[in-house]
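Structure assessment
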Amino acid sequence: MSGDLHESLRDNVRILGDSLGRTIADDLGKGFVDRIETIRGLAKSGRQGDVQSSRELIEYLRKLPDRDLLPVTRAFNQFLNLANIAEQHYRARFRRVEDYKPGSQPVLSELLQRARGAGHTPRKLVESLASMRVELVLTAHPTEVIRRTLIQKYDAIDECLTVIESSLDYPERASRARGRLEELISQAWHTDEIRHERPTPVDEAKWGFAVIENSLWQAVPAFHRDLDSLLLESAGERLPLDAAPIVFASWMGGDRDGNPNVTSKVTREVLLLGRWMAADLYLRDLEQLKAELSMWKCNSALRAEVGNVAEPYRELLKRLVQRVEATRDWAKAQLDGRSYEGGAIIESSDQLYAPLLTCYRSLCDVGLDTIANGALLDTLRRVAVFGVTLTKLDIRQEASRHAMVMEELTQTLGLGHYREWSEEQRQAFLLAELESRRPLIPRRWECSPETREVLDTFLVIANEQSEALGTYIISMAGQPSDVLTVALLMKEVGGVVSLPIAPLFETLDDLNRSGDVVDRLLALPGYRALVGDRQEVMIGYSDSAKDAGQLAAAWAQYRAQERLVEVCRSHGVALTLFHGRGGAVGRGGGPAYAAILSQPPGSVNGSLRVTEQGEMIRFKFGQPDIALRSMEIYACAVLEATLLPPPAPEAHWREEMDRLAELAHRAYVGVVREDPDFVPYFRAVTPEGVLGHLPLGSRPTKRRQDGGVETLRAIPWIFAWTQIRLMLPAWLGSGEAFGTRLEEDGGLEVLREMRDRWPFFGTYLDMLEMLLAKADVGIASYYEQRLVDEPALKELGAQLRERFTRLQSVLLSILDQPQLLEQTPLIRQAIEVRNPYIDPLHGLQAELLQRNRDADGAISGELSRALMVTMAGIAAGLRNTG
């Protein structure tokens, strides 16, 4: 990156920081701002190697009176959020969305040229983009720490920066924008940054819809316009009107796995909200079109439909507006529990799309192509992507809940205990019932409330238009019977199997067996008769990494995909892989482009589903410019993986990965599962015990409220380690694996060969490098010093830090670099800018955790809030929270 680009980022950080300083001075006085500056100065000197400053910082923080703890934490938290705004603004302005190596994110035009050079015809490029199916699935995983009301203020601050930068020749306009900036930063400072109550699943869904309304609604047609321009230039034709290379699905209000707050009633409400908001957004489009399409020239098809009127386009649009208004009124009545007595509503996308297409074709037929390809084409593109529901809602439920229904049902019918049957018995029973014409479930069955809730969910599915729903995902799937059970319940309640059913393979064992399970499933004629020649499979990243360690999990995911591709190819079935990636590296996070190109060849064949979770939704899609670039990155990556797939790994690389994964897994399990001091150390040194008080999302932090770390969900597991900057889940075991190989003849050479020639391994090392740069064993050591008393636990902590230090040394040897992030200066600069503001929050958090423990969890409300703010600030500063 050139220095002038960095200068623009620094300037905006300074502008926002100065404004925040003035706001705080107005509220708390200049003396308080001087105190903040003293803390920041000590932290900065400490980061530059001054050990005495680091000691003075800790002493200064520990002596702060209680009344100052909350405003101090708030000041540093706010600065970190403002730094994020400056960085997001910089990325949008200079088309850099992802933290990765310069030149590694080609724009689509460059990729099209490369594809042409590889022998792909222009027609092939159009066909590939037209048939591409990338689904980005917005999920409500609780890692978004910032309240919606603050997000809206931050978006407005970003707009002010844009105005200031574009007003060099208009000083009055720039002055007004600076005044507005001051006002917004003051509003943010005087707004509570911590929610007082957990959001409900419906709240989460509304947040997801707001991302569509405020950003994606503008970004989607802009993305298609850019595609059209490229294709017109390179192939002489546009993307087909109904093509939608990238579409959106959602888990918000549909993901009931481990979340008792997501019920059939909630799912129904969220579906109705989607219908209401879609109608409301389309009405805005249609009113604009009605105002603009005042032409009188039209073709015979439109004339036949509207009759001999002076303004035929407006006449047809007026009728469409009435139906869309009726749809909005119907959805509102349903949400309010009222009966609807209005006119005909829009039931499907076709009913909205067809009249618009009639207008489009008419304009083109009479030579008004320029008008046809304006706002009208934008609306057609939106219908192709968003339908009449904005997103397709996925349903997710754990396999054991379905088995519980079958157990209760077989007992009721006197057929025995389903749970005691062998897998063969279960399959035979389920397949027979799938073919049977008589109902299996008694009409007035008085089942348990838990079973009734599962059946009511299938009833919601049965009563919905299929285009409103996405995929039914079965978490913790392990056998073909898990899929057959869902198919049977769908058929019993709705009469047909109406949704794709995707088993989710999560643990290391499940990933290793996934290919065989799907092979057995697809070999069942009764199943194939139901689902045809398409199969979706979801790969879990969170639980596999928590179960086995990141390195072993990553290799298991790769091998599972290879096997699934091979199995589906042998059965003549089109496979779509659904990647359950999170924002953090420990959950499969990292730049999307690199992640997609590091998948096995053939696994991304024009189709891909991937989750976008928590705060990453805001970072990638929260603003139109950034959303546009994010969509381009996904389209580029999937097109490249399809037309120019990565090479298959060499046989000796596979052997190397088998060995590395085994070494890493053994080391990881030896600590996390087998060391009796590990769980007590985790609970003592991290804020895991108070995470449940941070109202991040609607889902509980544990799958079960009893039990130990094994019951903890992957998000709080990673969040807790991130808070103390040890980041343990993403690296533990890797140092032992790589260190062992470096001590052996030829080990370094083969690791460097894999880094240079195998995208999977190179990407893994890049992610590890970024993570180690964000980690800080000195900070982790301070938490231990303040919070851990037992000598045995301190000894374990010292061992973990030693493992980390060894890994860092080993990684630099493999990368042949003197320091981390040498090739990615933007990430290094972002970390360096933030550290003097994050370090005080770590010191304050450790102090508040100790005070909380001394008070048996009964510290004052203000101190408890300060503790929550430290968590939010550290998460904002590090950006990958969970």
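For the structure itself, look to the data block above.
Residues numbered from 1 in each chain as written. Predicted model: local features only at pLDDT ≥ 70, side-chain atom pairs only at ≥ 80, totals over all residues. Heavy atoms only, no water.

1. Here we look at the layout of surface pockets
Its volume calculated, the largest pocket comes out at about 1,000 Å³. Taken together, 40 residues line the largest pocket, and the ones lying closest to its centre are Ile831, Glu832, Val833, Asn835 and Pro836. At the level of elements, helix H1 (3-28), helix H2 (30-47), helix H4 (66-93), helix H32 (759-774), helix H33 (777-787), helix H34 (791-815) and helix H35 (825-854) are the ones that each hand at least two residues to the lining of the largest pocket. In terms of residue count, the dominant contributor to the lining of the largest pocket is H1 (eight residues). Here the lining of the largest pocket is built from residues that sort into 20 nonpolar, eight polar and twelve charged. (1 Å grid on protein atoms, 1.4 Å probe; cavity = no way out; pocket = protein on both sides within 12 Å on 5 of 7 lines; lining within 4 Å. Points joined across faces, edges and corners; volume = space filled by probe spheres on them. Helix = DSSP H or I, 4+ residues; strand = E, 2+ residues; numbered from the N terminus. Nonpolar A, V, L, I, M, F, W, Y, C, P; charged D, E, K, R; others polar.)

2. Section: the environment of Arg323
One can find Arg323 in helix H12 (residues 312-336). We classify Arg323 as partly exposed; its relative accessible area is 29%. Sequence separation of Arg323 and Gln351 is 28 residues, and the distance between their C-alpha atoms is 9.5 Å. Those residues in contact with Arg323, other than ones at most four positions away along the chain, are Ala344, Ile345, Ile346 and Gln351. (Buried < 20%, exposed > 50% of the residue type's maximum accessible area, 1.4 Å probe, protein only. Contact = heavy atoms within 4.5 Å.)

3. Quick word on the pairing of strand S7 (residues 574-580)
Successive residues of a regular strand alternate their side chains across the two faces of the sheet. Most of S7 is tucked away, with six of its seven residues classed as buried. In this sheet, S7 lies alongside strand S6 (residues 534-540) in parallel orientation, the contact comprising seven bridges. Residue pairing across strands places Glu536 opposite Thr576, the latter belonging to S7. The pairing of S7 with strand S8 (residues 607-613) spans two bridges and is classified as parallel. Within S8, the residue paired with His579 across the bridge is Val610. (Pairing = 2+ DSSP bridges.)

4. Considerations on unusual backbone geometry
Even without being glycine, Leu821 reaches a positive phi, approximately 60°. Here Leu821 lies in the loop between H34 and H35. For Leu821, a relative accessible area of 3% translates into the label buried. Of note in this structure, Asp856 is not a glycine but carries a positive phi near 55°. Summarising the element assignment, Asp856 is placed in the loop between H35 and helix H36 (861-878). Owing to a relative accessible area of 73%, Asp856 belongs among the exposed residues under this scheme.

5. Things to note about the nonpolar core
What tends to happen in soluble globular proteins is that the nonpolar side chains get buried as a cluster. Grouped together as the largest cluster of nonpolar side chains are 285 residues, with contacts concentrated most on Phe386, Trp721, Trp731, Phe738 and Phe761. Top element by residues in this core is helix H9 (residues 201-235). It accounts for 14 residues. In this structure, Trp731 is in contact with Leu726, Leu768, Leu771, Leu772, Leu800, Arg803, Phe804 and Leu807, ignoring residues within four places of it in sequence. Counting eight residues, the second-largest nonpolar core is a separate cluster that includes Val137, Ala249, Ile473 and Leu504. (Core = buried A, V, L, I, M, F, W, Y, C linked by side-chain atoms within 4.5 Å.)

6. Thoughts on the pattern of salt bridges
Inspection of every chain in the model, using the stated rule, returns 63 salt bridges. Across the pair Arg328 and Asp280 runs a salt bridge, and its minimum N-O distance is 3.0 Å. Of this pair, Arg328 sits in helix H12 while Asp280 sits in helix H10 (residues 264-292), placing them 48 residues apart in sequence. Between Glu847 and Arg851 there is a salt bridge, and its shortest N-O distance comes to 3.2 Å. Of this pair, Glu847 and Arg851 both sit in helix H35, four residues apart, roughly one helical turn. (Salt bridge = Lys/Arg side-chain N within 4 Å of Asp/Glu carboxyl O.)

7. A few points about the packing of helix H27 (residues 678-685) against H33
With their axes 9 Å apart at the nearest point, H27 and H33 run at an angle of 95° to one another. Judged on the interaxial angle alone, H33 and H27 are roughly perpendicular. From H27, Tyr681, Ala684 and Val685 reach across to H33, where they touch Ala780, Tyr783, Glu784 and Leu787. Within the contact of H27 with H33, the residues separate by chemical class into six nonpolar, no polar and one charged. (Axes fitted to C-alpha atoms, helices over the stretch in contact; angles between N-to-C directions. Parallel < 35°, antiparallel > 145°, perpendicular 65-115°, else oblique.)

8. So, H33
Taken together, the buried positions of H33 are occupied by Ile779, Ala780, Tyr782, Tyr783, Glu784, Arg786 and Leu787. Measuring from the side-chain oxygen of the N-cap residue of H33 to the backbone nitrogen of Gly778 gives 2.9 Å; that N-cap residue is Asp776. (Polar contact = N/O pair within 3.5 Å; in protein donor to acceptor, adjacent residues only side chain to side chain.)

9. Some remarks on the sheet that holds strand S1 (residues 133-139)
Pairing within the closed barrel is parallel, and its eight strands lie in the order S1-S2-S3-S4-S5-S6-S7-S8. Recorded for the sheet is a direction-independent mean angle of 25° between the axes of neighbouring strands. Contacting S1, strand S2 (246-250) and S8, helix H25 (residues 624-643) runs over the sheet at an angle of about 110° to S2.

10. Thoughts on the packing of aromatic side chains
Note on aromatic pairs: each is described by the distance of the centres and the angle between the planes. Counted under the stated rule, the structure contains 24 aromatic pairs. Between Trp251 and Phe578, the ring centres sit 6.0 Å apart and the planes meet at 80°, which makes this aromatic pair edge-to-face. You can see Trp251 sitting in the loop between S2 and H10 and its partner Phe578 sitting in strand S7, a full 327 residues away along the chain. Note on Phe578: relative accessible area 0%, which makes it buried. Pairwise contacts between aromatic rings join Trp217, Phe248, Tyr282, Phe386 and Phe621 into one cluster. The ring of Trp189 has Arg74 lying over it, and the distance from NZ or CZ to the ring centre is 4.4 Å. Arg609 extends its terminal NZ or CZ atom over the ring of Phe578, reaching a point 4.6 Å from the ring centre. (Phe/Tyr/Trp six-rings, centres within 6.5 Å; stacked < 30°, edge-to-face > 60°. Lys NZ or Arg CZ within 6 Å of the ring centre and 35° of its normal.)

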